[in-house]
Amino acid sequence: MKNRKKIRIVCAVGARPNFVKIAPILKAFQRYPQIQATLVHTGQHYDRAMSDAFFRDLKIPRPAVELGIGSGSHAWQTGKIMAAFEEYLLKWRPDLVLVVGDVNSTLACALAAVKLHIPVAHVEAGLRSFNRMMPEEVNRLLTDQISDYLFITSPEAETNLRREGVRPEKIFFVGNVMIDSLKKSAVLAEKRSRVLQELKLKPRSYAVLTLHRPESTDDKEMLGKALEAVAAAAERIPVVYPVHPRTAKRIEEFGLTERLRSASIRAIPPLGYLDFLKLMTHARLVLTDSGGIQEETTVLQVPCLTLRNETERPVTVTEGTNVVVGLDRGKVARETAKILKGKGKKGKIPALWDGRAAGRIARVILRRFARRR
Ligand code: UD1
């Protein structure tokens, strides 16, 4: 590539789970002088705890551009990001735009790029919950349809994509970049994080809860039901709950603060990456409606109860430690009791979740561009 131009890649991120995924990809790109990668932050997440803490913990370089969009309705947020990102792309004209995950920023940036005829790479393609009430499902479906490189974390994603008419030569099974970050940070989290001392927790003596999906938190009845289901676990083991800002607002708005307290659920502010990783690593079990946490607990071999009716990550159930329990109080009670008796799922690590996914992504891109030039 000596006399050739570099491959200019714009990596777009916006929300908390994106940061965890982009960190290893940027590092992998840095190892190849043929690649010039630039980071753009849409500003979908902007709080210190939701954004800055992750850049610090994962040593992500400062973004070249911050679009500063912030919160709003889905259409407003998606539209604003598209317009601002388009303006940037028109100036910069990269060879490729890379997006990760399934948040509004993912779809908005992919759509802005494809309309300017800039190829798009989607990392974590092909996951399907088959529930279109979830904004993330719509974001995934549409982003995959307009992407040129679909990097997948497990083989069933290929089945989903093929069913939707995606050509096989666009699909690359590379593994899971979220696990690259986890593997890289595990030792550091162990050494640096003081979260257990600060919260006065002993390893394996507590459960961790995360709950922030709109479908379980935006409706008073559903949120009440979710807290009731979690209470069944809290009767058996202390539950620690780092609260996402959207859920914190809803709990207050719906007058559910007392319910949280009476169920002995210990609410704390959202944590940074290293603290949360340490908290999860030493938990007896995790209760969650997040996607990424189902994957992380599988690799950490910590039992996970997913508080949803379905998962877009079935490999965490078939191979990992995940059990989908919905908001069924009885199921949460039964599964918690089982785990506390030492009969929780042990699981195994899915193929290619080995900490080297980002390097595979870089090499696929290099090979493809080498052929084109
Ligand atoms: C987004 C993603 C979700 C992901 C989650 C991780 C979409 C559709 N959803 O959900 O898939 O799991 O991020 O956290 O993109 N807020 C703050 N400070 C912030 C960010 C948000 O206070 O830094 C509050 C605001 O009230 C905002 C609400 O949270 O309106 C929702 O934020 P938004 O970015 O729309 O979606 P998330 O729920 O964070």
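Everything in this summary refers to the structure shown in the same document. This one's a predicted model, so the numbers in the text were calculated from it and none came from an experiment. (Residues numbered from 1 in each chain as written. Predicted model: local features only at pLDDT ≥ 70, side-chain atom pairs only at ≥ 80, totals over all residues. Heavy atoms only, no water.)

Below, the discussion takes up the site of the ligand. The environment of the ligand is formed by 21 residues, the closest being H45, N104, E136, R246 and K249. One of the side-chain N or O atoms of Q44 is found 2.8 Å from an oxygen atom in the ligand. A distance of 2.9 Å separates an oxygen atom of the ligand from a polar atom in the side chain of H212. A molecule is said to occupy a pocket when more than half its atoms come within 2 Å of that pocket's grid points, and by this definition the ligand occupies the largest pocket. (Near = heavy atom within 4 Å. Polar contact = N/O pair within 3.5 Å; in protein donor to acceptor, adjacent residues only side chain to side chain. 1 Å grid on protein atoms, 1.4 Å probe; cavity = no way out; pocket = protein on both sides within 12 Å on 5 of 7 lines; lining within 4 Å. Sits in = over half its atoms within 2 Å of the grid points.)

For the structure on display, the rule yields 26 salt bridges. Its salt-bridge partner being R140, residue D102 comes within 3.0 Å of it at the nearest N-O pair. Of the two residues, D102 sits in the loop between β4 (96-100) and α4 (104-115) while R140 sits in helix α5 (residues 135-146), which places them 38 residues apart along the sequence. In this pair, the class of D102 matches that of R140, namely buried. We note a salt bridge from D218 to R246, for which the minimum N-O separation is 2.8 Å. (Salt bridge = Lys/Arg side-chain N within 4 Å of Asp/Glu carboxyl O. Helix = DSSP H or I, 4+ residues; strand = E, 2+ residues; numbered from the N terminus. Buried < 20%, exposed > 50% of the residue type's maximum accessible area, 1.4 Å probe, protein only.)

In space, the 6 strands of this open sheet follow the order β10-β9-β8-β11-β12-β13, with parallel pairing throughout. The sheet is open, and its two edges are formed by β10 (265-268) and β13 (322-324), each paired on a single side. Pairwise comparison of adjacent strand axes, ignoring direction, gives a mean angle of 25 degrees for this sheet. As judged from the 4 bridges shared by strand β9 (residues 239-242) and β10, these two strands associate in the parallel manner. Counted as the bridge partner of P242 is I268 from β10. (Pairing = 2+ DSSP bridges. Axes fitted to C-alpha atoms, helices over the stretch in contact; angles between N-to-C directions.)

What follows deals with the layout of surface pockets. The computed volume of the largest pocket comes to approximately 1,200 Å³. What lines the largest pocket is a set of 49 residues, and nearest its centre among them are R16, H45, M50, H212 and H244. Of all the elements in the fold, those that place two or more residues in the lining of the largest pocket are α1 (16-30), α2 (48-57), α3 (74-92), α5, α11 (245-253), α13 (273-281) and α14 (292-300). Within the lining of the largest pocket, the residues separate by chemical class into 21 nonpolar, 16 polar and 12 charged. Of the pockets and cavities examined, the second largest pocket occupies roughly 330 Å³. (Points joined across faces, edges and corners; volume = space filled by probe spheres on them. Nonpolar A, V, L, I, M, F, W, Y, C, P; charged D, E, K, R; others polar.)

With that settled, the discussion passes to the pairing of strand β11 (residues 285-288). A regular strand places its side chains so that they alternate between the two faces of the sheet. Neither face of β11 is left uncovered, since the one carrying L285 and L287 and the one carrying V286 and T288 both have all their residues buried. Pairing analysis gives 4 bridges linking strand β8 (residues 207-210) to β11, with the strands arranged parallel. Its bridge partner lying in β11, L209 is registered against L287. Looking at chain direction, β11 and strand β12 (residues 304-306) are connected through 3 bridges and run parallel. When the sheet's bridge partners are listed, L287 is paired in β12 with L305. Crossover β11 to β12 through α14 is right-handed. (Right-handed = clockwise from strand over helix to strand, strands pointing away.)

This part is about a positive patch on the surface. Positive charge collects at one region of the surface, where R31, R356, R363, R367 and R371 lie side by side. In this fold, R363 is placed in helix α17 (residues 357-372). (Patch = residues over 30% accessible without salt bridge, like charges linked within 9 Å, V, L, I, M, F, W, Y side chains within 5 Å. Areas by Shrake-Rupley, 256 points an atom, 1.4 Å probe, with all protein chains shown as cover. Lys, Arg positive; Asp, Glu negative; His and termini not counted. Charge placed at Lys NZ, Arg CZ, Asp CG, Glu CD.)

All right, on to α17 then. Under the 1.5 Å per step criterion, the end-to-end length of α17 is 23 Å for 16 residues, consistent within 8% with the ideal 22 Å. Those residues of α17 not exposed but buried are A357, A358, G359, R360, I361, A362, V364, I365, L366 and F369. (Expected span 1.5 Å × (residues − 1).)

The nonpolar side chains of a soluble globular protein tend to be buried, and buried together. Core analysis: the biggest nonpolar cluster contains 65 residues, and I22, I25, L98, F151 and L279 have the highest contact counts within it. Once residues lying within four places of it in the same chain are set aside, the contact partners of I25 are L98, V100, V123, V177, A358 and I361. Counting 32 residues, the second largest nonpolar core, distinct from the first, contains V230, A232, A233 and L307. (Core = buried A, V, L, I, M, F, W, Y, C linked by side-chain atoms within 4.5 Å. Contact = heavy atoms within 4.5 Å.)

For R128, the location among the structural elements is in the loop between β5 (120-123) and α5. By relative accessible area, R128 is classed as buried at 3%. Within the structure, R128 has its side chain in polar contact with the side chain of D144 (distance 2.8 Å). At 2.7 Å, the side chain of R128 forms a polar contact with the side chain of E164. Discounting chain neighbours no more than four positions away, the residues touching R128 are E137, R140, L141, D144, N160, L161, E164, T311 and E312.

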